[in-house]
Amino acid sequence: MTIDSQSSHSLRVTLFAGMAELAGRRQLDLPWVGGTVADLQMAVRAACPAIGPLLQRSAIAIGDRYATAGEAIAVGDDVAIIPPVSGG
Amino acid sequence: MANGIAECSSAGARGVRLARGPLDPTAALGAVSRPTAGGNVLFVGTARAATDGLLTVRLEYEAHEPLALAVLARLQGAAIERFGLTACWIEHRLGMVEPGEASVVVAVSSPHRRAAFAASEWLMDQIKREVPIWKREHRPDGGGEWVHGGEPPDAVSRAAGGDRAAGVGS
């Protein structure tokens, strides 16, 4: 994913499956100057209250790995919200 | 998603694949076959026409592909180590899947059968809890819903092995 269209103070967060359906979009662009995973969860909840209940049961991914609870997220990170999975 | 339109993506690790077309269980079984392995187990998960009494006309799968491939590669390596497998092949279908078609294929081989049976069951349990792939059940009336019934995936993987939750590859 390119971030050319993003400002230096925003973060693009990718949504999947039922979360994208609830939000009515696949990406959220959040105002962001840096913060932790917990900060991100608060910012997502504020930007899109409809996904709050599912967000509580979701993990956060940075790139191709799951983030840990206190991990820092910087502008430009490839961030996604991972709700409970249902493959197989 | 970066590679959301790819026909097929793999993690660099051989034998871990996400595919937008039909899966090939026979090829998967052939890929793990070795002269030193006397136990070969092939699991094929197929789309079911009903769940809990609700009819499903087709399933739709989507994935966070780079993360899914990284987690699948980690599970492949973990299974080989944990069960002493000779070889392991995992592939998952994405997009629309009709009832009866394969959505997931796990093929493992080991010197003896018990490890192969145990590894295939363990891998399917892990895949269903940890790999960021989701299914939508499409109903006959045109409706449907995404399935998000379980626990958050990272909680499971942290409990299962701490920093092994971190992805590998790419």
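Remember, predicted model here, so these are calculated numbers, not experimental data. (Residues numbered from 1 in each chain as written. Chains lettered and ligands numbered in written order. Predicted model: local features only at pLDDT ≥ 70, side-chain atom pairs only at ≥ 80, totals over all residues.)

A.B. asks: A description of the overall build of chain B should follow, citing residues and the corresponding values.
C.D. replies: Along chain B, the regular secondary structure elements total four helices and 11 strands. Taking all 170 residues of chain B together, 42% fall into the buried category. Within chain B, contacts between residues separated by at least 24 positions form 74% of all contacts whose residues are at least 6 apart in sequence. (Helix = DSSP H or I, 4+ residues; strand = E, 2+ residues; numbered from the N terminus. Buried ≥ 20, exposed ≤ 12 C-beta atoms within 10 Å, placed from the backbone. Contact = placed C-beta atoms within 7 Å.)

A.B. asks: Hey, could you go over the interface of chain A and chain B for me, with residue numbers and the actual values?
C.D. replies: Contacts between the two partners involve 23 residues from chain A, matched on the other side by 37 residues from chain B. Broken down by secondary-structure element, the contributors of at least two residues to the side of chain A that touches chain B are α1 (17-23), β4 (59-62), β5 (65-66) and β7 (79-82) of chain A. Per-element accounting of the side of chain A that touches chain B gives the leading share, three residues, to α1 of chain A. Grouping the constituent residues of the side of chain A that touches chain B by class yields 12 nonpolar, seven polar and four charged. (Nonpolar A, V, L, I, M, F, W, Y, C, P; charged D, E, K, R; others polar.)

A.B. asks: For the environment of valine 104 of chain B, give the residues involved together with the corresponding values.
C.D. replies: Along the chain, valine 104 of chain B falls in strand β9 (residues 102-110). In sequence terms valine 104 of chain B and proline 132 of chain B are 28 residues apart; their C-alpha atoms lie 14 Å from each other. When neighbours within four sequence positions are excluded, valine 104 of chain B is seen to be in contact with Gly87 and Gly88 of chain A together with Gly45, His92 and Ile127 of chain B.

A.B. asks: Any chance you could break down the pairing of strand β10 (residues 133-138) of chain B for me, citing the residues and the numbers?
C.D. replies: The side chains of a regular strand alternate, first on one face of the sheet and then on the other. Residues and elements named next belong to chain B. Bridge count for strand β6 (residues 58-63) against β10 is six bridges, and the pairing is antiparallel. The residue of β10 that forms the bridge with glutamate 60 is arginine 136. Sheet analysis places β10 next to strand β11 (residues 144-146), joined by three bridges and oriented antiparallel. Within β11, the position partnered with glutamate 137 by the bridge is glutamate 145. In this antiparallel pair of consecutive strands, β10 and β11, the connection spans five residues, and glycine 142 shows a positive phi of 95°. (Pairing = 2+ DSSP bridges.)

A.B. asks: Kindly report on the confidence of the model for chain B, identifying the contributing residues and their values.
C.D. replies: Residue and element names in this part refer to chain B. Per-chain confidence: chain B averages 88 in pLDDT, with 83% of residues scoring 70 or above. Note on residues 1-6: pLDDT is under 50 here. Beyond four places in sequence and across chains, it has seven contacts. For the stretch residues 159-170, pLDDT sits under 50, and the model shows 28 contacts to residues farther than four places along the chain or on other chains. Per the prediction output, this complex has pTM 0.88; the corresponding ipTM is 0.91. (pLDDT = per-residue confidence, 0-100.)

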